[in-house]
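One-letter residues, chain by chain:
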Amino acid sequence: MEHLGIGLDGAIKLVSNFGIPGLVLILWYLSDKSHERTLAQYREDTTQQRKTYEDGLKEVREMYEHNVLLVKDYQSLSRDLKDIIVMNTQTLTRLSDDINRNQFCPEVRLKKEAQGVQR
């Protein structure tokens, strides 16, 4: 009853003057004020939860945007790596052909039809 600004003595005087209906009105008024405080707290909590949820969604959105950038960079790197692999394969193929033709070793440059070790 302190919420009304009256003490216990004032409440007793009100009850004695207005009787049971006055007591019911006072209790209803106090209950309504309590309900309003509960609703205000509920609104505040809900607003805070929504803000937290929106912040989490913003972080997830940023994470996906960063992942897209990462994929684009990785794709560029993969293209460069593919080019290097193709060049290495061409070089190794040329090297393999040169080894098979054996045109660099003077011992083997002799006629290919000769049998045995050439000296």
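Rules used in this analysis
Once a new chain begins, its residue numbering starts again from 1 and follows that chain's sequence as written. Selection of residues for local features in this predicted model requires a pLDDT of at least 70, selection of side-chain atom pairs for listing and counting requires 80 or more, and totals for whole chains, interfaces and linings are taken over all residues. To get the side-chain values, take all heavy atoms of the structure and skip hydrogens and water. Strands are runs of DSSP state E lasting at least two residues, helices are runs of H or I lasting at least four, and both sets are numbered from the N terminus onward. Each residue is placed in one exposure class: buried if its accessible area under a 1.4 Å probe, protein chains only, is under 20% of its type's maximum, exposed if it is over 50%, and partly exposed if it falls in between. Areas reported as accessible are Shrake-Rupley estimates using a 1.4 Å probe. Residue values count occlusion only from the protein chains shown. A carboxyl oxygen of Asp or Glu within 4 Å of a side-chain nitrogen of Lys or Arg is what we treat as a salt bridge.

K.L.:
Give a description of the overall build of the chain that names residues and reports values.
P.N.:
Per the secondary structure count, the chain includes one helix and zero strands. By residue count, 3% of the 119 residues in the chain fall in the buried class. Of the accessible surface of the chain, which amounts to about 11100 Å², a share of 60% is contributed by carbon and sulfur atoms.

K.L.:
Kindly report on the pattern of salt bridges, identifying the contributing residues and their values.
P.N.:
Counted according to the given criterion, the structure contains three salt bridges. A salt bridge links R50 to E54, with the nearest nitrogen and oxygen atoms 3.1 Å apart. One end of the pair is R50 and the other is E54, both in helix 1 (residues 8-101) and four residues apart, which spans about a single turn. What makes E54 partly exposed here is its relative accessible area of 39%. A salt bridge links D55 to K51, with the shortest nitrogen-to-oxygen separation between them at 3.3 Å. Separated by four residues within a single helix, D55 and K51 lie in helix 1, roughly one turn from each other. Using a relative accessible area of 35% as the deciding quantity, one classes D55 as partly exposed.

K.L.:
Residue-level account of the environment of V15, with values.
P.N.:
Tracing the backbone shows V15 in helix 1. The exposure class of V15 is partly exposed, given its relative accessible area of 29%. Once the C-alpha coordinates of V15 and I26 are considered, the two residues, eleven residues apart in sequence, prove to be 9.1 Å apart.

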